[in-house]
Amino acid sequence: MNLEMRQVCRKIATNPSYQALRSPKYVGTKDAVSFCMKLAIPTTRQRIAPLFDSATNIELYATEGYGCDCVLVSTLEFPEGAQQNLETLYHIPVDTVVCGAISNEVERLLVYNGVEVFSFLCGPVQEVLKGWKERSLHGYTFSMPGCLRPHHCPKRSRDNCCIRGERRKNH
Amino acid sequence: MDILTSETILESISDGVFTIDNEWRITYFNSAAEKITGILRDQAIGLSCCEVFKSNMCESHCPLRHTFTTKENVREQRGYIVNLMGQRVKVSVSSAILYDSQGNRIGGVETFRDISAIEHLRSLGAFKREGTMVTKSETMRKILHIVPTVARSASTVLITGESGSGKEVMARSIHSLSEQKNGPFIAINCAAIPDSLLESELFGYNKGAFTGADRDKPGRFSLADKGTLFLDEIGELSPMMQVKLLRVLQERSYEPLGSVETKKTSARIICATNADLERLVRLGKFRQDLYYRINVITLTIPPLRERKEDIIFLAHQFLDRFSVVNNKRVDRFSNDVFKLFLSYSWPGNIRELENVIERAVVLCDSDEVTLSDLPSAMSRSHEEHSVLNVNKMKEIAEKESIRTVLEKHDYNVSAAAKDLDMHRSTLYRKIEKYKIEI
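Computed from a predicted model, the values in this text were never measured in an experiment.

*Asks:* So what's going on with the packing of helix α14 (residues 308-325) of chain B against helix α16 (residues 349-363) of chain B? Which residues, and what values?
*Replies:* All names here are of chain B. Orientation of α14 relative to α16, taken along the N-to-C sense of each, is 45°, at an axis distance of 9 Å. If you check the angle between α14 and α16, you find them oblique. Here the hand of the crossing between α14 and α16 comes out right-handed. Listed contacts from α16 to I311, L314, A315, F318, L319, R321, F322 and S323 of α14 are I350, L353, E354, I357, E358 and V361.

This is the structure we're talking about:
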C-alpha cells in the first residue's frame, strides 16, 4: 500500500462519522479500516459522473451495506481518469462502485477484482445516496437515458439491459 | 432555408448532430445520433447532454464548454463514447455556438462522427508496420515509458521475458524510435540456425570460402548496417559463436568467412532471451564477458499472467483484427470466456492469446466467442489447475522453496540442504522428483 493510500485509510479510520458507524467492538482494533464497506461514486458537479472510465473525482463513502447510511470519508482525485487508477481502488479496498456509464473492459476488471458495480445510473449524488439507503437503485428513477428497464444489479450489472425493447444477451 | 428543409438535411446526414440550450439540455437529436449512441430522440430530448453522450471528453475536455468559454469552434476533437452495451465507440466531435437573430447565445450544436472503422484500420496498420507495443498494464507502461530514451542511445539492449511475451515487438519499437529508424531491422533467431551456418549467416562469406560458395554473400551484420540487428535466443549461442560475437560488440568489426579484410559495422545490436543468463553464466554455459557486454540496458517484459489488464485489452484487439481478416462479425466474448482468460496462466503469453483468438474467430458461428470456440486443452488445464488438492499445492510450494534456496546458495546442494533443514540425500531425491536443473 503506498503512502497516499495509507493516508486515505487513516482518514477513513479517524473520521468521526465513520467511527459512529462502526460497531464498538471494532474501535481501535486493526480491523477498524476494513470493517465497513467502502463505496466509491465518481462525481462531477454534485451529480454522478457520466462516464466512470474517465472520471477524475471519486467520492469515497463508508457504509454498512446496501440499505444503510453512507458517510463521506474522502475524495480521491484522479486527473488521468479512474481507469488509470483501478489499482488504487483495489488497494483501499473499494467494495462497491456506483457509477454512470462504464465500458465493458473496465467493468469486468472491477468485477474480477471483487468490486460490485451498480452501473449506468445518473442523478444528483445526494439522491443516489438516498436511493442506496432506500434500496431503490434498481428502479427506473436512476437509470441513464436509453435504459428501458431496471437492470443495475451488483455483480451482474447490465446483463439484462434492454436496448430498444430487445433483451440483451449475456456477455 | 426554412426549418423543414434544415431538419430534412440534418436527418439525412450520417453524422450525429444534437443541439443544447444554455442549460445544457438537449433540444434536438438527429437520427444518426440515435444510431451512434443507441438512444432514441424522445429519450434524449430535455436531458443533460453528458448523460446522453457519455463521452470521455464530457468531464474535462467538453468541446461545447470550450466553445462557450473561448467562443472558438472546436473541429474534429477525438475521443470515445460508451454506448448502452458498454462498448467504446470512437468519435470525432465538432462544436459551435448557436445565436438567435439578435445575436444572443441560445445554446450550442455538437456534431459527431463514428470513426471506429477508420481508427481500427489505422491501429491494424500501426500494429503490423511498426510493431508498436500496446498496453493497459501499469508495469508495462513503466517499461514502455523508458523505451524512447533507450531507443535514442546507441547502447546494446538486452530484452528478457518468457516466450511469446513480445520481445521482438519491443525490439521493433526500439528500432522505430531510434536514429537508425530509416535503416533496416534485421532479425535472426540464434537457436533456429545450426552453429555451422550461423557464422556465415551473421558475418557473410566471400566467393570460394568453402565448397559451393560461388559468390559473395553479405551477412546479417552487413545487411543491418545503419540499422538494427536483433539477435533472438542469444542464450542458445555456442561458446565459439559467443567469442566471435563478443569481438564484434567490442571492436565493432568482423571478418566475413574466407576474407582477410576487416569490415566495420554500425548496426545497433538488440539481444533477447527467455533464459536466465545470469544462471547460464554461473553454470559456465554463457561467457561472463559477453553477458556484461550485452547487459548494458536490460528490459524485462513481464509474462501476460502478471498483467491481467492487457489480457482483456489485447483480446479485443485480436478479436477486431481477426474478425476483419476472416470477414466475420464477431464482436464480443462471453463472460465464461473472460473468466477463463483471466484465470488461465498463458504459458505461451501473447502469442498464445493471439492464436487462441484466431482459432476462436474462425470457429465461431455467432457474434460472440463462447467456451466451445476455445481449445479444449485450455479449459482442461484451467479445470485441473482450479481443482488442485492440498498435496499438489504442497508439492508446488516445496518445489518453489527448494528452487529459491538452491539459487540463494549458488546451487550448492549441501548448503541448501542445511538451510532447508533436510538431509542432503533427501534434497537430491526431491531435486530429481521435481526435475529441478542444477
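Anyway, onward from the coordinates.
*Asks:* Go over the state of the cysteines, please, and point to the residues and values.
*Replies:* Residue and element names in this part refer to chain B. Evaluated as defined, the whole model comprises zero disulfides over all chains. The structure places no disulfide on C190, whose sulfur is separated from the nearest cysteine sulfur, that of C271, by 7.7 Å. Classification of C190 as buried rests on a relative accessible area of 4%.

*Asks:* So, the pairing of strand β1 (residues 16-20) of chain B: which residues are in play, and what are the values?
*Replies:* Residues and elements named next belong to chain B. The element β1 is largely enclosed, with a buried count of five among its five residues. Note that β1 and strand β5 (residues 105-114) share five bridges and pair antiparallel. Within β5, the residue paired with T19 across the bridge is V109. Pairing of β1 with strand β2 (residues 26-29) involves three bridges; the strand directions are antiparallel. For F18, the partnering residue across the bridge sits in β2 and is F29. Linking two consecutive strands that pair antiparallel, namely β1 and β2, is a turn of five residues; a positive phi of about 70° is found at W24 within it.

*Asks:* Hey, could you go over the pattern of salt bridges for me, with residue numbers and the actual values?
*Replies:* Using the criterion set out here, one finds 20 salt bridges over all chains in the structure. Across the pair B:E51 and A:R47 runs a salt bridge, and its minimum N-O distance is 2.9 Å. Here B:E51, found in helix α4 (residues 49-53), pairs with A:R47, found in strand β2 (residues 47-48), and the two come from separate chains. Judged by relative accessible area, B:E51 falls into the buried class, the value being 5%. Across the pair B:E199 and B:K244 runs a salt bridge whose closest N-O atoms are separated by 2.6 Å. Within this pair, whereas B:E199 is found in helix α9 (residues 195-203), its partner B:K244 is found in helix α11 (residues 239-251), the two being separated by 45 residues in sequence. Sharing partners across several salt bridges, the network here consists of B:D331, B:R332, B:D367 and B:E368.

*Asks:* Help me get a handle on the sheet that holds strand β3 (residues 74-82) of chain B, residues and values and all.
*Replies:* Residues and elements named next belong to chain B. What the five strands build is an open sheet, ordered β2-β1-β5-β4-β3; its pairing is antiparallel. The sheet is open, and its two edges are formed by β2 and β3, each paired on a single side. With strand direction ignored, the average angle separating the axes of adjacent strands in the sheet is 30°. This element, helix α5 (residues 63-70), spans β1, β3, β4 (88-99) and β5 of the sheet and lies at about 25° to β4.

What counts, and where the lines are drawn
- Residues numbered from 1 in each chain as written.
- Chains lettered and ligands numbered in written order.
- Predicted model: local features only at pLDDT ≥ 70, side-chain atom pairs only at ≥ 80, totals over all residues.
- Heavy atoms only, no water.
- Axes fitted to C-alpha atoms, helices over the stretch in contact; angles between N-to-C directions.
- Helix = DSSP H or I, 4+ residues; strand = E, 2+ residues; numbered from the N terminus.
- Parallel < 35°, antiparallel > 145°, perpendicular 65-115°, else oblique.
- Left-handed = near helix turned anticlockwise from the far one by under 90°.
- Contact = heavy atoms within 4.5 Å.
- Disulfide = S-S within 2.5 Å.
- Buried < 20%, exposed > 50% of the residue type's maximum accessible area, 1.4 Å probe, protein only.
- Pairing = 2+ DSSP bridges.
- Salt bridge = Lys/Arg side-chain N within 4 Å of Asp/Glu carboxyl O.

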